[in-house]
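# Inside the fold
The chain contents come next:
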Number of protein chains: 2
Amino acid sequence: MNGLHLIADLHDCRCPPAHLLDAAALESFCVASCERHGLTVVGRLFHSFTDAQQQPAGVTGAVVLAESHLALHTWPELRGVTLDVYVCNYSADNSARARSLFAEVIASFAATHAETKEVARGHLSSAVSGD
Amino acid sequence: MNGLHLIADLHDCRCPPAHLLDAAALESFCVASCERHGLTVVGRLFHSFTDAQQQPAGVTGAVVLAESHLALHTWPELRGVTLDVYVCNYSADNSARARSLFAEVIASFAATHAETKEVARGHLSSAVSGD
């Protein structure tokens, strides 16, 4: 049950606005990225929110992995994103895959400021470290 | 973008085994629990893993919320569960709802040992505290 949970809060993202607004495109990107980094996608669920004028207003999404999950939420009006990549290492050391996936997804948003953390999961007396 | 992310690693769960193995039942429980605590379910995706003998071997699931997400993974052979409840407080203070949902889901597993953490999300220079 031991695993690695990577957390990022991304501020002032300079990526194209569509990358914060287009649920289908973001879903495709996240799924392809997971697969590219050797993780096993067992499902995906991305939802687009709309504002009072029925305009796209943000995306929330989850990619369910055999190795656990990726979750992502965008705030286009704030140019912000929150990201979680959690992999368990029970059957293989997926930490390197998780870190490279995490880095790739973060890079795609071109955040001016990124706050990242790591949480060791599944251990008794888990350690938490901040970056 | 400010939010509260609650994390739990549950060990030696004494709940009925079905609560760790039955993806459909666990999905129904999690969705109902989210709704009962005033959160808005916009989607759900639960997946059952099978072992070499095609027997149920664990569940991984995500409930996508308007307020962010719940994610859960079970390890029946270890009687273990990892749980994440993440809500953003951007439009309402969802912290109380998140905490009561988190407590209810944790209680359902009857863990002998539970490690919990809270992570403040979306802030610049986020604080992390361990329980």
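Values in this document were obtained by computation on a predicted structure and should not be read as measured data.

What counts, and where the lines are drawn
Residues numbered from 1 in each chain as written. Chains lettered and ligands numbered in written order. Predicted model: local features only at pLDDT ≥ 70, side-chain atom pairs only at ≥ 80, totals over all residues. Heavy atoms only, no water. Helix = DSSP H or I, 4+ residues; strand = E, 2+ residues; numbered from the N terminus. Rg over C-alpha atoms; globule rule 2.2 N^0.38 Å. Buried < 20%, exposed > 50% of the residue type's maximum accessible area, 1.4 Å probe, protein only. Contact = heavy atoms within 4.5 Å. Areas by Shrake-Rupley, 256 points an atom, 1.4 Å probe, with all protein chains shown as cover. Lys, Arg positive; Asp, Glu negative; His and termini not counted. Charge placed at Lys NZ, Arg CZ, Asp CG, Glu CD. Buried area = accessible area lost by both parts, 1.4 Å probe. Salt bridge = Lys/Arg side-chain N within 4 Å of Asp/Glu carboxyl O. Nonpolar A, V, L, I, M, F, W, Y, C, P; charged D, E, K, R; others polar. Axes fitted to C-alpha atoms, helices over the stretch in contact; angles between N-to-C directions. Parallel < 35°, antiparallel > 145°, perpendicular 65-115°, else oblique. Left-handed = near helix turned anticlockwise from the far one by under 90°. Core = buried A, V, L, I, M, F, W, Y, C linked by side-chain atoms within 4.5 Å. Least-squares fit on C-alpha atoms with pLDDT ≥ 70 in both.

## Quick look at the overall build of chain A
From N to C terminus, chain A includes three helices and seven strands. Taken over the C-alpha trace, chain A has a radius of gyration of 15 Å; the compact-globule value for 131 residues is 14 Å, and the two agree within 12%. Dimensions of chain A along its principal axes, counting C-alpha atoms only, are 50 × 30 × 25 Å. Per-residue burial for chain A yields a buried fraction of 52% across its 131 residues. Restricting the contact set of chain A to residue pairs at least 6 apart, pairs at least 24 apart contribute 60%. When the accessible surface of chain A is summed, it comes to about 5,200 Å², and 53% of that surface belongs to carbon and sulfur atoms. Put simply, chain A has 8 plus and 14 minus side-chain charges, and the middle of one group is 4 Å from the middle of the other.

## Points about the interface of chain B and chain A
Contact with chain B, which involves 45 residues of that partner, is made by 45 residues of chain A. Of all residues in chain B, Met1(B), Leu45(B) and Arg121(B) bury the most surface against chain A, accounting for 18% of the area lost on that side. Taken together, chain B and chain A are joined by four salt bridges. Ionic pairing is found between Asp9(B) and Arg121(A), a salt bridge with its closest N-O pair at 2.8 Å. Of all the secondary-structure elements, those providing two or more residues to the side of chain B that touches chain A are strand S1 (3–13), strand S2 (41–50), strand S3 (56–65), strand S4 (68–75), strand S5 (80–88) and strand S6 (111–121) of chain B. Of the residues forming the side of chain B that touches chain A, the biggest block, seven residues, is contributed by S5(B). Its residues placed into classes, the side of chain B that touches chain A shows 23 nonpolar, 15 polar and seven charged.

## Some words on unusual backbone geometry
Even without being glycine, Asp12(A) reaches a positive phi, approximately 55°. Looking at Asp12(A), the relative accessible area reads 42%, which means it is partly exposed.

## A look at the packing of helix H2 (residues 23–36) of chain A against helix H3 (residues 95–109) of chain A
All names here are of chain A. Where H2 contacts H3, the axes come no closer than 9 Å and their chain directions differ by 150°. The orientation of H2 with respect to H3, classified from their angle, is roughly antiparallel. Here H2 and H3 pass one another in a crossing that is right-handed. Residues Leu26, Phe29, Ser33, Cys34 and Arg36 of H2 form the contact with H3, whose participating residues are Leu101, Glu104, Val105, Ser108 and Phe109. Split by residue class, the contact of H2 with H3 holds six nonpolar, two polar and two charged.

## Things to note about the nonpolar core
Counting residues in each nonpolar core, the largest one holds 31 residues, and the members touching the most others are Val63(A), Leu70(A), Leu72(A), Leu83(A) and Phe109(A). When residues of this core are traced back to their parent elements, those giving at least two are strand S1 (3–13), H2, strand S2 (41–50), strand S3 (56–65), strand S4 (68–75), strand S5 (80–88) and H3 of chain A. The element that contributes the greatest number of residues to this core is H3(A), accounting for six residues. Setting aside chain neighbours within four positions, we find Val63(A) in contact with Cys30(A), Val31(A), Cys34(A), Val41(A), Gly43(A), Arg44(A), Phe46(A), Ser68(A), His69(A) and Leu70(A). Counting 30 residues, the second-largest nonpolar core is a separate cluster that includes Leu65(B), Val85(B), Ala98(B) and Ala111(B).

## Details of the relation of the copies chain B and chain A
The operation relating the two chain copies consists of a rotation about an axis and a shift along that axis. You can overlay chain B on chain A at an RMSD of 0.0 Å; the transform is a turn of 180° with a shift of 0.0 Å along its axis. Those values place the two copies in the arrangement expected of a two-fold rotation axis. Both copies present the same face, since 100% of the interface residues in chain B are matched by interface residues at the equivalent positions in chain A.

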